[in-house]
Amino acid sequence: MRQSTDIKTDYRYELKYVIDPRHAYELESKLYSHPLCFSKAYASRYINNIYFDDPYYTSCHDNLAGISDRTKIRYRWYGEQLHSDSGKVEFKIKRNELGGKKYIEGIKYHTLSQLSNDVNNSIGAKDYYIPTIRNQYLRNYYLDITGQYRLTIDTQIAYYLPIEGSHAVPQYRDKRIIVEIKFDKDKSEALDAVSHYFPFRRTKHSKYVTGLFALYG
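Remember, it's a predicted structure, so these values are computed and weren't measured experimentally. (Residues numbered from 1 in each chain as written. Predicted model: local features only at pLDDT ≥ 70, side-chain atom pairs only at ≥ 80, totals over all residues. Heavy atoms only, no water.)

**Here we look at the confidence of the model for the protein**
Working step 1: Per-residue pLDDT for the protein averages 89, and the proportion of residues at 70 or more is 94%.
Working step 2: Below pLDDT 50 for its whole length, residues 1-7 participates in 21 contacts with residues either more than four positions away or in separate chains. (pLDDT = per-residue confidence, 0-100. Contact = heavy atoms within 4.5 Å.)

See below:
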């Protein structure tokens, strides 16, 4: 698979928490009382993804098998619009506990068939990659007082079949809250200290795998 190898990948830790919406108030309380003093960093925005996989669903199987060295492909754009003239293809790379990204920018999305062809042409894949699911969620961004630790909160998570016109009504809504704490790999000594003040259990979570099982399972 040809990737955007000219773009440097900075690997980072990504701690994930899946939280019941009934604990939203507790999450907010712990967020603002955390010793790192997290505060709102940017305006909230909607994130849209269309995930691609090969005909054997290798990306999904690698995730379920716990393969430590794996890559996931998605097309991403921001906002509530249904299509995009300025989206990008992202390669979400996993190396044990570290995550990184490479990407190809400037990929337009007008129709699903056009997007599929453009994605496959851009990555030069041996097999033809197919769109498997689409999702949308609202992301809130937080930053600690030192500017070294990023925290995101995803809500209103909706999943759609990758079919033209299927975005009118989501086929599945996930009401859970997904929290991620992200920091550079050279801050590994702070991993336990950062997560210690959250009374929630760290867990593995993949929106891609969740969507596949919800829509096809």
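Having seen it, we continue.
**With respect to the pairing of strand β6 (residues 130-143)**
Working step 1: Counting buried positions over the 14 residues of β6 gives 12, a clear majority of the element.
Working step 2: Examined bridge by bridge, strand β2 (residues 39-53) and β6 share 12 bridges and lie antiparallel to one another. When the sheet's bridge partners are listed, Tyr 51 is paired in β6 with Ile 133.
Working step 3: Examined bridge by bridge, β6 and strand β7 (residues 150-160) share nine bridges and lie antiparallel to one another. In the strand pairing of β7, Asn 140 is matched with Ile 153.
Working step 4: Adjacent in sequence and paired antiparallel, β6 and β7 are bridged by six residues, among which Gly 147 carries a positive phi angle near 80 degrees. (Buried < 20%, exposed > 50% of the residue type's maximum accessible area, 1.4 Å probe, protein only. Helix = DSSP H or I, 4+ residues; strand = E, 2+ residues; numbered from the N terminus. Pairing = 2+ DSSP bridges.)

**Details of the packing of aromatic side chains**
Working step 1: By the definition in use, this model includes 10 aromatic pairs.
Working step 2: With a centroid separation of 5.3 Å and an interplanar angle of 65 degrees, the aromatic rings of Trp 77 and Tyr 109 are classed as edge-to-face. Note that Trp 77 is positioned in strand β3 (residues 69-78) and Tyr 109 in strand β5 (residues 98-109), a separation of 32 residues in sequence. Across this residue pair, the class does not change: Trp 77 and Tyr 109 are buried.
Working step 3: Through successive ring pairs, a cluster of aromatic residues spans Tyr 13, Tyr 149 and Phe 183.
Working step 4: The ring of Tyr 78 has Arg 45 lying over it, and the distance from NZ or CZ to the ring centre is 3.8 Å.
Working step 5: When the ring centre of Tyr 103 is taken as origin, the NZ or CZ atom of Lys 88, which lies over that ring, is 5.0 Å away. (Phe/Tyr/Trp six-rings, centres within 6.5 Å; stacked < 30°, edge-to-face > 60°. Lys NZ or Arg CZ within 6 Å of the ring centre and 35° of its normal.)

**Some points on the pattern of salt bridges**
Working step 1: Considering all chains together, one arrives at 13 salt bridges under this definition.
Working step 2: Note that Arg 76 and Glu 90 form a salt bridge whose closest N and O atoms lie 3.9 Å from each other. Here Arg 76 is found in strand β3, whereas its partner Glu 90 is found in strand β4 (residues 84-95), with 14 residues between them in sequence.
Working step 3: Accessibility expressed as a relative area gives 2% for Glu 90, which makes it buried. (Salt bridge = Lys/Arg side-chain N within 4 Å of Asp/Glu carboxyl O.)

**Some words on the environment of Asn 48**
Working step 1: Inspection of the secondary structure assignment puts Asn 48 in strand β2.
Working step 2: Judged by relative accessible area, which is 0%, Asn 48 ranks as buried.
Working step 3: Sequence separation between Asn 48 and Leu 82 is 34 residues, and the spatial gap between their C-alpha atoms is 8.6 Å.
Working step 4: Setting aside residues no more than four positions away along its own chain, Asn 48 makes contact with Tyr 75, Arg 76, Trp 77, Tyr 78, Gly 79, Gln 81, Arg 134, Asn 135 and Gln 136.
Working step 5: Here the side chain of Asn 48 touches Gln 136 through a polar contact of 2.8 Å, side chain to side chain. (Polar contact = N/O pair within 3.5 Å; in protein donor to acceptor, adjacent residues only side chain to side chain.)

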